[in-house]
Structure formats: structure tokens, C-alpha cells
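# Coordinate inspection notes
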Amino acid sequence: TSDYNRTREIARVAIHQYGQTTEDTFMDRGMTIDQKRRAMQITSVFENGTPDIQYGTVEQLNDGRGYTAGRAGFTTATGDAYAVVARYTAMVPQNILSTYLPRLKQLADAENASTAGLEGFAEAWTVSANDPRFRQAQDEIVDALRTLLDAGNLPLSAPVVLNTSSYQAVIR
């Protein structure tokens, strides 16, 4: 669907640009560290139902996106979960999520919501969230995606769907 294509394109570009985002990116846009923290908390409310940042959460929402994981609802069918794991593996080559990279790429490329071949992935993601470098990888992918959207480098013709267990909004 067009929503998948848009999310996949964002994730694809983020994979190539994740290393170019830092805290300074937010300062350059006039956003203070405190404002960034509050924005992260708002996202966490929509994604996880709490203002506490949930780096280790993993759910299968049966929404056609496979697993939804981490602080921003990265999904296995759209490529952004792949981007996070790829970034983490670039930082920490020997990590428990790296073995899932080939399967995550296959699922993302095929826009496939299957969780077959991801046995143990949810547990590995949750355990990895204890590593500050994994949390950093999630933060960097979110920063890259936000930077790309703010710069107008991605089309916004497809709807963005915010989906939690109790709330769904479609923003066009």
C-alpha cells in the first residue's frame, strides 16, 4: 500500500543518513534538549501509552506490519526496525540482534508482516534495550527520519497512521 511505500522510503533513506544526526541537529532547528525530551514523551504516549520512553517494548499488533518495537514503533514489515538493527550492528557488531538482519531485510523488501524466521527476536530486542548503544541507535534513526521529514525530502502524499491499542489517528 502507499503507507507501506512511504514508510519504507523513509526507512531506506534513514539507513543511508543515520550517522549524520546528532543533538546539534535539534539545536539547529531551534529545538532545545528539553523540547526534544517532551517530543519523545508525546510520541511514547501514542506508541506505548506512557510518557516513559519504551526502548524495549515489542508487540505483534496484527496490523499488517509484523512486530512493532521500540520507542517509536519501528516495524519489521516496513524497514525501520531493520534500520535500527543495522545501525546498532554498525556500532556493536557482535550483538544478539545482528543474526536477524538478513531476515529483517527480506521482510522489509517484501513488505511482509510475517514473523516467521524471527523466533526470539522480541526477547532479543527487549534485552538489547538495556544497552545504551541500542537506545542510541533507536534515537539516531528517529532523528534521521525527523530530519528528512523536516527538510521536505520525502513526499507526504500518503497518510501517516498513529496506532496504539486505544487510539488511532490518520494524518494526511
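What you see as residue numbers is a count from 1 along each chain, following the sequence as written. In keeping with the predicted nature of the model, local features appear solely for residues at pLDDT of at least 70, side-chain atom pairs appear and are counted solely at 80 or more, and the whole-chain, interface and lining totals rest on all residues. Working from all heavy atoms in the structure, the side-chain values ignore hydrogens and water.

### Some thoughts on the pattern of salt bridges
Each reported salt bridge corresponds to a side-chain nitrogen of Lys or Arg within 4 Å of a carboxyl oxygen of Asp or Glu. Under the criterion given, the structure shown has six salt bridges. Close ionic contact of Arg71 with Asp139 constitutes a salt bridge, the shortest N to O distance being 2.6 Å. Here Arg71, found in the loop between strand E2 (67-69) and strand E3 (74-75), pairs with Asp139, found in helix H7 (residues 132-150); they are 68 residues apart in sequence, far enough to count as distant. Relative accessibility under 20% of the residue-type maximum defines a buried residue, over 50% an exposed one, and the middle range a partly exposed one, all with a 1.4 Å probe and only protein chains included. Since its relative accessible area comes to 5%, Arg71 is described here as buried. A residue is classified by how much of its surface remains accessible, and Asp139, at 18% relative accessible area, is buried. Salt bridges linked by common partners bring Asp34, Arg37 and Arg38 together as one network. Secondary structure counts use DSSP, requiring at least four H or I residues in a row for a helix and at least two E residues in a row for a strand, with both numbered from the N terminus.

### Overview of the side chain of Glu140
Looking at the element boundaries, Glu140 is found in helix H7. A polar side-chain atom of Glu140 sits 2.5 Å from a polar atom in the side chain of Arg87. Distance and chemistry together define a polar contact, namely a pair of N or O atoms within 3.5 Å, with one atom able to donate a hydrogen and the other to accept it when in protein, and with adjacent residues in sequence counting only for side-chain atoms on both sides.

### Things to note about the environment of Leu97
Within the secondary structure layout, Leu97 lies in the loop between helix H4 (80-91) and helix H5 (101-110). On a C-alpha basis, the gap between Leu97 and Ala122 in space is 9.6 Å, while along the polypeptide they are 25 residues apart. Leave out the neighbours within four places in its chain, and Leu97 touches Val85, Tyr88, Phe121, Ala124, Trp125, Ser128 and Phe134. Here, residues are in contact when the closest pair of their heavy atoms is within 4.5 Å.

### Considering unusual backbone geometry
Residues other than glycine seldom take positive phi values, yet Asn62 does so here, at roughly 55 degrees. You will see that Glu111, though not glycine, has its phi angle at about 50 degrees, which is positive. Within the secondary structure layout, Glu111 lies in the loop between H5 and helix H6 (121-128).

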